Each structure stands twice: as C-alpha cells, then as structure tokens.
Amino acid sequence: MFTSAEIIAIKDLLVPQNKIVIITHYNPDGDAIGSSLGLKHFLQQKGLQPEVIVPNDFPKFLKWMPDARKITIADYKRKQAGEAIYNADVIFILDFNASHRSGNLVGPWIEKARATKILIDHHQQPDAFDYVYSDVRIPATSQMVYHFIQALGEESLVNKNIAECLYTGIMTDTGGFRFRSTSATTHRIVADLIEKGADPAMITSNTWDTNTVSRLHLLALILGRIEVVKDGKVAILWLKRDELKELGFQKGDTEGFVNYGLSIMGTQVSAFFMEDLYEDFIKISFRSKDEVDVNQFSRKYFNGGGHINAAGGKYFKSIEETIEDFKEKMEAEEF
Ligand code: 5GP
Ligand code: MN
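J.: Which parts of the structure should I look at to understand the pattern of salt bridges?
T.: When their charged atoms lie close together, side chains carrying opposite charge are able to pair. Under the counting rule described, the total for this entry stands at 15 salt bridges. Where Glu243 meets Arg225, a salt bridge forms, and the shortest distance between an N and an O atom there is 2.8 Å. Of this pair, Glu243 sits in helix α10 (residues 241–246) while Arg225 sits in the loop between α9 (213–223) and β7 (227–229), and the two are 18 residues apart along the sequence. A relative accessible area of 18% places Glu243 in the buried class. Each of the salt bridges in this network shares a partner with another, and the network as a whole consists of Lys40, Asp67 and Lys70.

J.: So what exactly am I meant to see when it comes to the nonpolar core here?
T.: Side chains that are nonpolar tend, in soluble globular proteins, to be buried together. Within the largest apolar cluster, 50 residues are counted, with the highest numbers of intra-cluster contacts made by Phe2, Leu14, Leu39, Leu43, Phe92, Phe148 and Leu193. With seven residues, helix α6 (residues 160–173) is the single largest residue contributor to this core. Apart from residues lying up to four places away in sequence, Phe148 is in contact with Met1, Phe2, Ile7, Ile10, Leu14, Leu39, Phe92 and Ile120.

J.: When you look at the coordination of the manganese ion (ligand 2) in this model, what are you seeing that I'm missing?
T.: For a metal bound by four donors in tetrahedral geometry, the ideal donor-metal-donor angle is 109.5 degrees, whereas six donors in octahedral geometry ideally sit at 90 or 180 degrees. Protein ligation of the manganese ion (ligand 2) involves Asp31 (OD), Asp95 (OD), His122 (NE2) and Asp173 (OD), the donor distances falling in the range 2.2 to 2.4 Å. Sequence spacing of the donor residues for the manganese ion (ligand 2), all on one chain, is D-x63-D-x26-H-x50-D. On the criterion of sequence distance, the pair formed by Asp95 in the loop between β4 (90–94) and α4 (103–112) and His122 in the loop between β5 (116–121) and β6 (131–134) is long-range, its members being 27 residues apart. The pair Asp95 / His122 is uniform in exposure class, with both members buried.

J.: Honestly, the sheet that holds β4 in this entry has me stumped. Any pointers?
T.: Two modes of strand pairing occur in sheets, parallel and antiparallel, and in both the strands are linked by backbone hydrogen bonds. On the basis of which strands lie adjacent, the open sheet formed by six strands has the order β3-β2-β1-β4-β5-β6 and parallel pairing. Single-partner strands in this sheet number two, and they are β3 (72–73) and β6. Two strands pair when backbone bridges link them, and β4 and β5 are joined in this way by five bridges, in the parallel orientation. By the bridge assignment, Leu94 is partnered in β5 with Ile120. Against the sheet, helix α5 (residues 141–151) touches β4, β5 and β6, its axis set at about 120° to β5.

J.: I would appreciate a short explanation of the sheet that holds β7 in the present structure.
T.: The strand order across the open sheet built from six strands is β7-β8-β9-β10-β12-β11, with neighbouring strands paired in mixed fashion. At either margin of the open sheet sits one strand with a lone partner, and together these are β7 and β11 (305–306). With respect to the sheet, α9 is in contact with β8 (234–239) and β9 (269–275), its orientation differing from that of β8 by roughly 135°. The sheet contacts of helix α12 (residues 294–301) involve β9, β10 (282–288), β11 and β12 (310–315), and relative to β12 the element is tilted by about 10°.

About the cut-offs
Residues numbered from 1 in each chain as written. Chains lettered and ligands numbered in written order. Predicted model: local features only at pLDDT ≥ 70, side-chain atom pairs only at ≥ 80, totals over all residues. Heavy atoms only, no water. Salt bridge = Lys/Arg side-chain N within 4 Å of Asp/Glu carboxyl O. Helix = DSSP H or I, 4+ residues; strand = E, 2+ residues; numbered from the N terminus. Buried < 20%, exposed > 50% of the residue type's maximum accessible area, 1.4 Å probe, protein only. Core = buried A, V, L, I, M, F, W, Y, C linked by side-chain atoms within 4.5 Å. Contact = heavy atoms within 4.5 Å. Donors = N, O, S within 2.8 Å, 3.2 Å for Na, K, Ca; no water. Pairing = 2+ DSSP bridges. Axes fitted to C-alpha atoms, helices over the stretch in contact; angles between N-to-C directions.

Right, here's the structure in full:
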C-alpha cells in the first residue's frame, strides 16, 4: 500500500479541479476494465470527472458493466484520447506495470504526459512512477483498488456501480475465486461488495454465459488436437489464422482457452499459441501450477512476462517453429 504520507499527497490530488485519466493495458481484460471503471465510479462519488481510456477494444462480455460504453478506446478515438492524456493532471495506471504494456500508441503518450502518475498493479517489476502501489501477491488489481479506497478511509462511498465493477475484476482474475492467490481477505472484500450491491448470479451470467458459436467451434477444434509433452507435464494448444477466419473468430473468443491445458491430470504448464490475425507474429499465453515460473520462462525466451503462474509473450517465427522452440526450451526446464 502507499505510505500514509503518500495517501495524504494523493488525497490532495483527487479534487474536482484536477483532470483525472485512468488507463489500462493493451487488450484489456475483466480486471483491467473492472478496476478502471470501479475507480472511475469511486472518483465520481467524490465529485470528480475522470475519463477511462483503453488502448484498444475489449470483449463484448464486459460491455454490460456500468459505463463500459463510455470508455474512450484510443484506437478509435485517437485525438480525444491523446488530448485527454496530454492535458491530464493525474494519470492512474491500472493493471499494468510499464508504459509499453499499453501499446505503441498510448505507451509513448503516457511517457510524455506531464501528469502525476499513480500506479496500482499486481504484475512483477513495476516501472518507476510518482506513486507506486504494486503487490504481486494480490490476485486482482480490482482488489487493490478496494484497498486503496480503504486507505483513503472512504469505504462508505462504495455504491452498487463500484461494487459490480470491482467484483467482476476479482472474479475474472481469480478464475472464479479459484487461483492460488485468492485469500481470505479477497473473500472478505467480495462479501463487502455483495453487501454493497454486487449480484453474483447476475455478474457471473453476464460475464461468463456469453459464449459465441464461433468460440465453441474454435474450442472444439483445439481440444480435439491438444498435445501433451514432457511426460504429461506440458500441454500445447494452437490456432492458425486461417482457422480463426474460417470459424468466424470474434474478439475475446479465445480468452481462457489456455486454461483447458491445465485441467488435464498431471499437467503443470499449459501453452496456447495463436497466429495474430493481421501481423506476422505468434501471441502466446502461458499458465502454470505451483512453483513453475512461466513469467521468468517467457521473459527469457518469448519476449514477454506476467505473473509466476500466468504470463504471455510474442514470437516472430512460424507457428510450427515457435512450438518446436517451445518444446525444446521446456524439455530443458527442471520440474
Ligand atoms: P494472457 O495469457 O491472458 O494474455 O496474459 C497473462 C498475463 O501475462 C497477463 O497478466 C498479462 O499482463 C501478461 N502478459 C501477456 N502478454 C504479455 C507480454 O507480451 N509481455 C508481458 N510483459 N506480459 C504479458
Ligand atoms: Mn489483473
């Protein structure tokens, strides 16, 4: 958490005459959108008028969230997003650790902005910003936003909108309150959020009972050919661009696919390789169990990073070569 001196300084910044911008990482997920909108609704309760900016569009299954459709998508509204960041007095950096994670457009804008920059995030190795609240043990940035509100002494301002957004962020980033860093504190906060108006059945149904037919077709394809190597410890899934096109891929369709690899008895790592639709690179998702550190692995070999048990990366060879290189590197890992 921020020190008490920092909290006092941040309080002084959160006044109506200051322009506040909240930014997430590229390809925003449930926690990025949940934490940003949760913080936005909280600041509105304090009489501020913050603007949430995301680098690119986000999945449809998150658009039910209160004010999701008021988010500025920089890809579509360059001028508005650029000017807001340029003119901001305060920028909140939520759910990412370094400017470049917000992409080639927004990243450099953040670096050039004159605003006071406040980071709240749970990824490893945060860059230096004016104020940094970084904790890799917390399962969701949305939980950290709640801790931040507590530190400001303003829990009484948490209303239904804030509760719904933070609940969604925690639910999605913990895989439904299942992942390892889900703690008693997480559950206490979730209980508070339910008391303040978050409806678990509604949120779960709006967020997760939202399969598209294309998603199920893509899932059927990859499950039908899932491969297991390294004595059953490593699962491999992949999708090619032509397959994505043929089955009518829509944004968000492949979210969570990588987790199926870890559901096989005995696997410790799952890797999902996908050809980018437009550019010549392979987007990779890694998931692991327990002590197996895919963050380090991805940093070392696949131009990426993330958390110990959930990381991503990019690779600039063909998908076949990428998977071959992956197998070779994995065989050499000790676990
Ligand atoms: P996902 O597999 O869901 O895309 O990403 C899993 C985690 O790894 C996320 O927390 C994300 O922040 C991180 N991550 C994904 N791709 C990259 C990347 O290219 N570089 C870094 N540093 N982290 C990534
Ligand atoms: Mn997160």
